[in-house]
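# Residue-level structural notes
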Amino acid sequence: MKWNKKYALGIPAIDAQHKQLFRLSDELDAALESGIRMEDLDALLVHLKQYAARHFSLEEKHMADFNYPHLAEQRETHRTFVFRFGELHEQLRNEGLTAEITSLLQQELGNWIRNHVTGMDQQFGAFCASRR
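So, here's what we can say about the structure.

Rules behind the numbers
- Residues numbered from 1 in each chain as written.
- Predicted model: local features only at pLDDT ≥ 70, side-chain atom pairs only at ≥ 80, totals over all residues.
- Heavy atoms only, no water.
- Helix = DSSP H or I, 4+ residues; strand = E, 2+ residues; numbered from the N terminus.
- Buried < 20%, exposed > 50% of the residue type's maximum accessible area, 1.4 Å probe, protein only.
- Contact = heavy atoms within 4.5 Å.
- Areas by Shrake-Rupley, 256 points an atom, 1.4 Å probe, with all protein chains shown as cover.
- Lys, Arg positive; Asp, Glu negative; His and termini not counted.
- Charge placed at Lys NZ, Arg CZ, Asp CG, Glu CD.
- Expected span 1.5 Å × (residues − 1).
- Bend = angle between axes of the 7 residues up to and from the residue.
- 1 Å grid on protein atoms, 1.4 Å probe; cavity = no way out; pocket = protein on both sides within 12 Å on 5 of 7 lines; lining within 4 Å.
- Points joined across faces, edges and corners; volume = space filled by probe spheres on them.
- Nonpolar A, V, L, I, M, F, W, Y, C, P; charged D, E, K, R; others polar.
- Core = buried A, V, L, I, M, F, W, Y, C linked by side-chain atoms within 4.5 Å.

This part is about the overall build of the protein chain. Looking only at helices and strands, the protein chain has 4 helices and 0 strands in total. Each helix and strand of the protein chain, ordered N terminal to C terminal, gives the series α-α-α-α. Seen through its principal axes, the protein chain has C-alpha atoms that stretch 50 × 25 × 20 Å. Among the 132 residues that make up the protein chain, the fraction classed as buried is 42%. Put simply, of all contacts in the protein chain between residues at least 6 apart along the chain, 73% involve residues at least 24 apart. If you sum the accessible surface of the protein chain, you get close to 7,200 Å²; carbon and sulfur atoms cover 52% of it. Seen as two clouds, the 16 positive and the 19 negative side-chain charges of the protein chain have centres 9 Å apart.

What follows is about helix α4 (residues 99-131). With 33 residues, α4 should reach 48 Å at 1.5 Å per residue; the first-to-last C-alpha distance of 46 Å fits that figure. Of all the bends in α4, the greatest measures close to 35° and is centred on Gln122.

What follows is about empty space enclosed by the protein. What the rule picks out here adds up to 1 cavity of 30 Å³ or more. Lining the largest cavity we find Leu24, Leu28, Leu44, Leu45, Leu48 and Leu109. Broken down by element, the residue count for the lining of the largest cavity peaks at 3 residues, all from helix α2 (residues 38-65). Split into classes, the residues belonging to the lining of the largest cavity amount to 6 nonpolar, no polar and no charged.

Turning our attention to the nonpolar core. Ranked by internal contacts, the top residues of the largest apolar core, which has 26 residues, are Leu21, Leu41, Leu48, Phe81, Phe85 and Leu105. Counting only elements with at least two residues in this core, the list comes to α1 (12-34), α2, α3 (71-95) and α4. Not counting residues up to four positions away in its chain, the partners in contact with Leu48 are Leu21, Leu24, Phe81, Phe85 and Leu109. Formed by 9 residues, the second largest nonpolar core is a distinct cluster that contains Leu9, Ile14, Tyr68 and Cys128.

Any functional reading would require information that these geometric values do not contain.
Structure representation (structure tokens):
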């Protein structure tokens, strides 16, 4: 999935991080299609975990600053994302690079972007815009 200006929330720092997530997703897709090595996929997942920690912290801070009424729901989806990708990362380390894991990683990250970034986060962007 490619970044599009329509996904922007109007909060430059969050928009920049969302663009980075789209790039990470593209990198993952390209790497998996070209035959990524286990070590490289492991490093990519570590990078994704670091990204998520920074991004979710910033996003939740902005939501708190705006008194966003759906902050608790956002926090829960963020925790679910971190937990799920932690599970997949652990599965990768335990089972090695399998077709199942590569498929799940692509599917889960794509679903996250479609459902969360272009869905739930858009609701937050609209809420912020109505408060400005």
